[in-house]
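# Per-entry structural report
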Amino acid sequence: MSLPLLPDRTCGACVECCRAIPLDLPELAKPTGELCAYCVEAAGCSVHAIRPNTCRVWFCLWRVVELSDDWRPDRSGVIVRPDGIEDGVITLYVIRPSDFLASPDFFATVAGWIAEGVEVALSIPGPVGTYPARAVVTDWLRPAVEAGDPAAFLGRVLRSLDKLAEHDFQPDGVVARYAVA
Ligand code: SF4
Ligand code: SF4
């Protein structure tokens, strides 16, 4: 998928997609949650000029839509996934719990999406090498959104994440292969 990027936004020190997103290509395969061996923490891709096409076209929605700087995934702990957006679904991939989930920014943004009719899903990673868990939570969050109640909203988000953590995470079957040359 290739979405138009915001012109003045760069990934900076964030490398979260190089860890969170699985790759299973002839030249590069890495299990879900394994930091790509070509990635230098806080610096980025060491094979940038010859990186696979998948890496060239995959960007989280923080690079695409006007979300605040606090939403950058390494700061927020939330990757806003691009897949599903054409179908009106936004998936918030919570790679680690953080205070950002309790912020007015997070509440106002997600509440705004739901109020506009966007479906919202929450997702969390399992152990390295397993598929993540994911559930659409729009209707579960809606009462707190309609009440304009950030505390109730946070409570529902956290209960959703706790429920997802009980998921039976299945192996993704990807065997690491680093052959970009
Ligand atoms: S090849 Fe580069 S861009 Fe692709 S996952 Fe590895 S470090 Fe990230
Ligand atoms: S998760 Fe988003 S901001 Fe972070 S490196 Fe990937 S595309 Fe850039």
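Conventions we followed
- Residues numbered from 1 in each chain as written.
- Chains lettered and ligands numbered in written order.
- Predicted model: local features only at pLDDT ≥ 70, side-chain atom pairs only at ≥ 80, totals over all residues.
- Heavy atoms only, no water.
- Salt bridge = Lys/Arg side-chain N within 4 Å of Asp/Glu carboxyl O.
- Helix = DSSP H or I, 4+ residues; strand = E, 2+ residues; numbered from the N terminus.
- Near = heavy atom within 4 Å.
- Nonpolar A, V, L, I, M, F, W, Y, C, P; charged D, E, K, R; others polar.
- Pairing = 2+ DSSP bridges.
- Axes fitted to C-alpha atoms, helices over the stretch in contact; angles between N-to-C directions.
- Contact = heavy atoms within 4.5 Å.
- Phe/Tyr/Trp six-rings, centres within 6.5 Å; stacked < 30°, edge-to-face > 60°.
- Buried < 20%, exposed > 50% of the residue type's maximum accessible area, 1.4 Å probe, protein only.
- Lys NZ or Arg CZ within 6 Å of the ring centre and 35° of its normal.

The name an unreviewed UniProt entry gives the protein is YkgJ family cysteine cluster protein, with Brevundimonas mediterranea as the organism.

### Quick notes on the pattern of salt bridges
If charged atoms from side chains of opposite charge come close, those side chains can pair. One pass over the structure, following the stated rule, counts eight salt bridges. Between Glu41 and Arg19 there is a salt bridge whose closest N-O contact spans 3.3 Å. One end of the pair, Glu41, is in the loop between strand S3 (39–40) and strand S4 (44–45); the other, Arg19, is in helix H1 (residues 17–20), and 22 residues separate them in sequence. Overlapping salt bridges bring together Glu16, Arg19 and Glu41 as one network.

### Considerations on the site of ligand 2
Taken together, Cys11, Cys14, Val15, Cys17, Phe59, Cys60, Trp62, Arg63 and Pro73 form the complete shell of residues around ligand 2. The class makeup of the residues in the shell around ligand 2 is eight nonpolar, no polar and one charged.

### Re the sheet that holds strand S1 (residues 23–24)
Read across the sheet, three strands follow the order S1-S2-S9 without closing on themselves; strand pairing throughout is antiparallel. Sheet topology places S1 and strand S9 (177–178) at the edges, where each strand pairs with a single neighbour. As defined by bridge partners, strand S2 (residues 28–30) adjoins S9 across two bridges and the pair is classed as antiparallel. Across the sheet, Ala29 pairs through a bridge with Arg177, a residue of S9.

### Focus: the sheet that holds strand S5 (residues 78–81)
The strand order across the open sheet built from four strands is S5-S6-S7-S8, with neighbouring strands paired in mixed fashion. Looking at the sheet topology across the chains shown, the edges are occupied by S5 and strand S8 (133–136). Mean inter-strand twist for the sheet, computed between neighbouring axes without regard to direction, equals 25°. Judged from the four bridges that link them, S5 and strand S6 (residues 89–94) form a sheet pairing that is antiparallel. Pairing of Val80 across the sheet is with Leu92, part of S6.

### As for the environment of Val78
Structurally, Val78 can be placed in strand S5. On a C-alpha basis, the gap between Val78 and Ile95 in space is 5.9 Å, while along the polypeptide they are 17 residues apart. Setting aside its immediate chain neighbours within four residues, Val78 contacts Trp71, Pro73, Leu92, Tyr93, Val94, Ile95, Phe100 and Leu101.

### Let's talk about the packing of aromatic side chains
Counted under the stated rule, the structure contains seven aromatic pairs. Considering the side-chain rings of Tyr38 and Tyr178, the 5.5 Å spacing of their centres and the 80° angle between planes classify their relative orientation as edge-to-face. One end of the pair, Tyr38, is in the loop between S2 and S3; the other, Tyr178, is in strand S9, with 140 residues separating them in the sequence. Judged by relative accessible area, which is 14%, Tyr38 ranks as buried. Note on Tyr178: relative accessible area 30%, which makes it partly exposed. An aromatic cluster is defined as three or more aromatic residues linked by ring pairs; in this entry it consists of Trp71, Phe100, Phe106, Phe107, Trp113 and Phe153. Its end group placed over the ring of Trp62, Arg9 keeps NZ or CZ at 4.2 Å from the ring centre. A cation sits over an aromatic face here: Arg156 above Trp140, 4.1 Å from the ring centre.

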